[in-house]
Amino acid sequence: MPSPRNPQLNQHGELIHLLSLDRLPRDILTHILDTATSFVGMNEREVKKVPLLRGKSVFNLFFENSTRTRTTFDIAAKRLSADVFTLDIGRSSTSKGETLLDTVDNLSAMAADLFVVRHSQSGAPYLIAQHVAPHVHVVNAGDGWHSHPTQGLLDMYTIRHYKQDFSNLVVAIVGDVLHSRVARSDIHALKVLGCPEVRVVGPRTLAPAGFESMGTRVFDNLQEGIRDADVIIMLRLQNERMSGALLPSREEYFKTFGLTPEKLAWARPDAIVMHPGPINRGVEIDSAVADGPQAVILSQVAFGIAVRMAVMAIVAGNDA
Amino acid sequence: MPSPRNPQLNQHGELIHLLSLDRLPRDILTHILDTATSFVGMNEREVKKVPLLRGKSVFNLFFENSTRTRTTFDIAAKRLSADVFTLDIGRSSTSKGETLLDTVDNLSAMAADLFVVRHSQSGAPYLIAQHVAPHVHVVNAGDGWHSHPTQGLLDMYTIRHYKQDFSNLVVAIVGDVLHSRVARSDIHALKVLGCPEVRVVGPRTLAPAGFESMGTRVFDNLQEGIRDADVIIMLRLQNERMSGALLPSREEYFKTFGLTPEKLAWARPDAIVMHPGPINRGVEIDSAVADGPQAVILSQVAFGIAVRMAVMAIVAGNDA
Amino acid sequence: MPSPRNPQLNQHGELIHLLSLDRLPRDILTHILDTATSFVGMNEREVKKVPLLRGKSVFNLFFENSTRTRTTFDIAAKRLSADVFTLDIGRSSTSKGETLLDTVDNLSAMAADLFVVRHSQSGAPYLIAQHVAPHVHVVNAGDGWHSHPTQGLLDMYTIRHYKQDFSNLVVAIVGDVLHSRVARSDIHALKVLGCPEVRVVGPRTLAPAGFESMGTRVFDNLQEGIRDADVIIMLRLQNERMSGALLPSREEYFKTFGLTPEKLAWARPDAIVMHPGPINRGVEIDSAVADGPQAVILSQVAFGIAVRMAVMAIVAGNDA
């Protein structure tokens, strides 16, 4: 039974907000993935629209800029027939000294049904969810280093699509795990869905041993880390890490942790290679791998639309 | 009878543009408020859309940035099923030296039906309205210090909603009246709707005695100004006023004119507190008032959508 | 028969992308213009929408900013009932080092149906068209100095509307032909549609004799260049040309090549004056001409919407 204090669930245990994957029960995760399946097929159809959110108002609140993620939510909401309003928050009332919660109150008064929130501070979507009226829903589109739950869900969808079952998988997450909200969301979801072995691979500075407390095995050697892996999730190396003391150079990083065809051979022959995008060719991943037969990076993008449609359709159907 | 030269009305006295409230007859104001009532209820419904403007093209022309106001018009237009096009004018042809009227001509040629215009110069919406073809409509979303008619209308809607009738009310407008287009629109509308006593309250520098010629009573003492008031409209104190010689300091202003629960007790016990937003907590209004039982600030926001829907639906239904 | 290597046509010779007018056969051009005719009438109707692209996703990829052109495509796509997604590319993944083709791959994976591409580099739309999946279509909205095919088509529509037939026309293109993608597109289309005399008129530095190889006559004297012309297409003088060594001054240019009523009298009395906009009053064109009875500049704008609707409807109906 979910704890009644989990703000993502109503008293019937139904999903009303998507804030983080770390306290979501397995049946909720599975329900989202199953719902997404129906939307994946829809993208092949002539008319890529269903009326599930017709007449609803979805507000994209991107306090931190991310054209890519914002676009995927925009597409998902419009394919559900919602009206979508994107707020360029940097130029809006917030810059006039209005508080975050006053902004949300005002938008709620405009009869918002669903907020998609991206914020550089961990916890901002939680704060908003606790504040809105019972019929209003919040979906976290990434908060600080904390969580990026729809990315985690689309990763799970992708793994399930290619591997069917989580119960025998070895999944390796490679790169700057420390600063990655994607990695945190993936680790939580993999554990809940029954993945027996999740590995974290990277330089000690970026994948510290502390991750072992999350139930993962930590490696600072790529060969050991991806040996016999079924799934390799490569993380994007942020350029700004390079300027600090955390890493030597892009060339050095590529030499040690960049995924080339030669290194990929250490994993299982049918291993899939994932990446949340946008990829840095020649930094964390070699073009021969990114464009090769084991990469499923563009499938992730396609599944991402379907997963976001599923999340929005599910939360909008449940009341607090 | 309205003067035939009033550019807002056609020869039958019907509203074709909304430019300013100062020459609108009482029956037009009342018709807008009555029409808005039907849209207020709609915001509670599952599907918040009516097809009144289906297939029409609404252009948001915001020569002056205002995310909040732009969003409310965007929402209102989409709930009427219009197609909405928002022009980032700063980056468009205007910056290439094109004149305002050439821009409007070009957009008209793209089969615009309705322009929503925000401009830093008073009179710009009038200029556009006199220039467009007979089937094209203009709604002023704020011009200079001159007028902000939809804000005035939503204030009237709010007052009527809570007080039913204007004929016995004391309404006090508090703050920087001098620079407020909201205040001007409110004063005009209150007079036309029969409010017997409109008071203007603020420092002499911001609420000069000249306002008495508009039929208001001017006070520079808050206690006298809001004594026995039924409605208090607090204005936002623009930060830029502080840097000039017009006012001492934020702290000083709050001490003298900031509305606290103690000062609010000078008004009638059932007085409502309004504010056009965004509020400056601790400057013109205390949080205990803003979040208290007499504040109707968020109702104003909700009514604002309905009023803007009413205005657009009415003008679009009348031809020049 | 079109060459099978023309990437704009499928093996049946049907239009699948619109990249450039220079290799399009006459029957394709005529088919676009004929299709546009039906949409021109639609703009007069109450409901300006047809369901031809309902449920389709159109992506506006403007790597180079152009509010005006972007808006016309936005309007055209929405009147065809498409969902339109506009990417502010400067702020998106491209600025994170993602390649153009990776961006396109990602957007394709989101189930894009049609890309409208504006790019400062000639050939970018070609590159994208060769890269996308068979069911995805590309429309060039201007690339470098190379081509602006929808502008060329709307110019052809305008000429045909006023002059019915190309077979006896003298068309003069006046101004900075060297840097004009509009001029290149117009010249190609006029030749294909059977116009017997296309003239290029401007200072030697901007309309060099090399244009004669395109089948035009080149003039550096306005009087000779527009004598007895049926159609005069005035080009916009970009301000940046002035700062270089190519031209003396705006005043000097206006004196020599600016179109005044007196100079317009050199052309045929029923000559029409066109301009791609935005116009520079007092630089390349005098206000008395721009606002006079022979100017058809605003008709061009109106026809531009219809032509873009026609192009999108046609390519979306054909598969590779």
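Just so we're clear, the structure is a prediction, and the values are computed from it rather than from any experiment. (Residues numbered from 1 in each chain as written. Chains lettered and ligands numbered in written order. Predicted model: local features only at pLDDT ≥ 70, side-chain atom pairs only at ≥ 80, totals over all residues. Heavy atoms only, no water.)

*Asks:* How would you sum up the pattern of salt bridges? Please name residues and give values.
*Replies:* When their charged atoms lie close together, side chains carrying opposite charge are able to pair. Tallying each qualifying case throughout the model produces 42 salt bridges over all chains. In this structure, Arg118 of chain B and Glu64 of chain B form a salt bridge, with 3.1 Å as the shortest nitrogen-oxygen distance. Highlighted residues: Arg118 of chain B in strand 3 (residues 114–119) and Glu64 of chain B in the loop between strand 1 (57–62) and helix 2 (67–79), separated in sequence by 54 residues. Assessed through its relative accessible area of 24%, Glu64 of chain B is described here as partly exposed. Through salt bridges that share partners, Lys163, Asp230, Arg268 and Asp270 of chain A make up one connected network. (Salt bridge = Lys/Arg side-chain N within 4 Å of Asp/Glu carboxyl O. Helix = DSSP H or I, 4+ residues; strand = E, 2+ residues; numbered from the N terminus. Buried < 20%, exposed > 50% of the residue type's maximum accessible area, 1.4 Å probe, protein only.)

*Asks:* Could you give an account of the relation of the copies chain A and chain C, with specific residues and numbers?
*Replies:* To go from the first copy of the chain to the second, apply a rotation about an axis and then a shift along the same axis. Take chain A, turn it by 120°, move it 0.0 Å along the axis, and it overlays chain C with an RMSD of 0.0 Å. Look at the turn and shift together and you get a three-fold axis relating the two. Distance from the rotation axis, computed per C-alpha, reaches its smallest value in chain A at Asp83 of chain A: 6.3 Å. Little of the interface of chain A is mirrored in chain C, where only 4% of its interface residues are also at the interface. (Least-squares fit on C-alpha atoms with pLDDT ≥ 70 in both. Contact = heavy atoms within 4.5 Å.)

*Asks:* Outline the relation of the copies chain C and chain B, listing residues and values.
*Replies:* With an RMSD of 0.0 Å, chain C superimposes on chain B once it is rotated by 120° and translated 0.0 Å along the axis. Take the interface residues of chain C: only 4% of them recur as interface residues in chain B, which is what a contact between different surfaces looks like.

*Asks:* Describe the packing of helix 5 (residues 149–163) of chain C against helix 12 (residues 297–316) of chain C, listing the residues and the values that go with them.
*Replies:* All names here are of chain C. Between helix 5 and helix 12, the least distance of the axes is 8 Å, while the angle of their chain directions is 120°. It follows that helix 5 is oblique to helix 12 by the angle criterion. In this structure, helix 5 crosses over helix 12, and the sense of that crossing is right-handed. The segment helix 5 lies against helix 12, with Thr150, Gln151, Leu153, Leu154, Asp155, Tyr157, Thr158, His161 and Tyr162 engaging Ser299, Gln300, Phe303, Gly304, Val307, Arg308 and Val311. (Axes fitted to C-alpha atoms, helices over the stretch in contact; angles between N-to-C directions. Parallel < 35°, antiparallel > 145°, perpendicular 65-115°, else oblique. Left-handed = near helix turned anticlockwise from the far one by under 90°.)

*Asks:* Please provide a residue-by-residue account of the interface of chain C and chain B, values included.
*Replies:* Each side of the interface is counted separately: chain C has 24 residues, and chain B has 22 residues. Together chain C and chain B conceal approximately 2,200 Å² of surface at their shared face, both sides included; 50% is due to carbon and sulfur atoms. On the surface where chain C and chain B come into contact, there are three salt bridges. Those elements giving two or more residues to the side of chain C that touches chain B turn out to be helix 2 (67–79) and helix 12 of chain C. Ranked by residue count, the leading element in the side of chain C that touches chain B is helix 2 of chain C, at eight residues. Tallied by class, the residues present in the side of chain C that touches chain B amount to eight nonpolar, six polar and 10 charged. (Buried area = accessible area lost by both parts, 1.4 Å probe. Nonpolar A, V, L, I, M, F, W, Y, C, P; charged D, E, K, R; others polar.)

*Asks:* Report on the sheet that holds strand 4 (residues 137–143) of chain B, specifying residues and quantitative values.
*Replies:* Strands belonging to one sheet form pairs held by backbone hydrogen bonds; the direction of such a pair is parallel or antiparallel. Residues and elements named next belong to chain B. Read across the open sheet, the four strands follow the order 2-1-3-4; overall the sheet is parallel. In this open sheet, the two strands that pair with only one neighbour each are strand 2 (83–87) and strand 4. For this sheet, the mean inter-axis angle between neighbouring strands, taken without regard to orientation, is 15°. Two elements, strand 1 and strand 3, share five bridges in a ladder whose sense is parallel. Each bridged residue has a counterpart across the sheet, and for Leu61 the counterpart in strand 3 is Val117. Strands in contact with helix 2 are strand 1, strand 2, strand 3 and strand 4; relative to strand 1, the strand with the most contacts, it is inclined by about 180°. (Pairing = 2+ DSSP bridges.)

*Asks:* Summarise the domain arrangement of chain A; cite the residues concerned and give the values.
*Replies:* Residue and element names in this part refer to chain A. Along its sequence, chain A is organised into domain 1 (26–147 + 302–317) and domain 2 (149–301). Each of domain 1 and domain 2 has a C-alpha centre, and these two points are 26 Å apart. Tallying the contact residues gives 29 residues for domain 1 and 28 residues for domain 2. Of the roughly 2,300 Å² buried between domain 1 and domain 2, counting both surfaces, carbon and sulfur atoms make up 61%. (Domains from an automatic or database assignment.)

*Asks:* Could you give an account of the sheet that holds strand 4 (residues 137–143) of chain C, with specific residues and numbers?
*Replies:* All names here are of chain C. Spatial strand order, 2-1-3-4: four strands in an open sheet with parallel pairing. Unpaired on one side and paired on the other, strand 2 (83–87) and strand 4 mark the two borders of the sheet. Averaged over all pairs of adjacent strands, the angle between strand axes in this sheet comes to 15°, irrespective of strand direction. In terms of strand pairing, strand 3 (residues 114–119) meets strand 4 through five bridges, oriented parallel.

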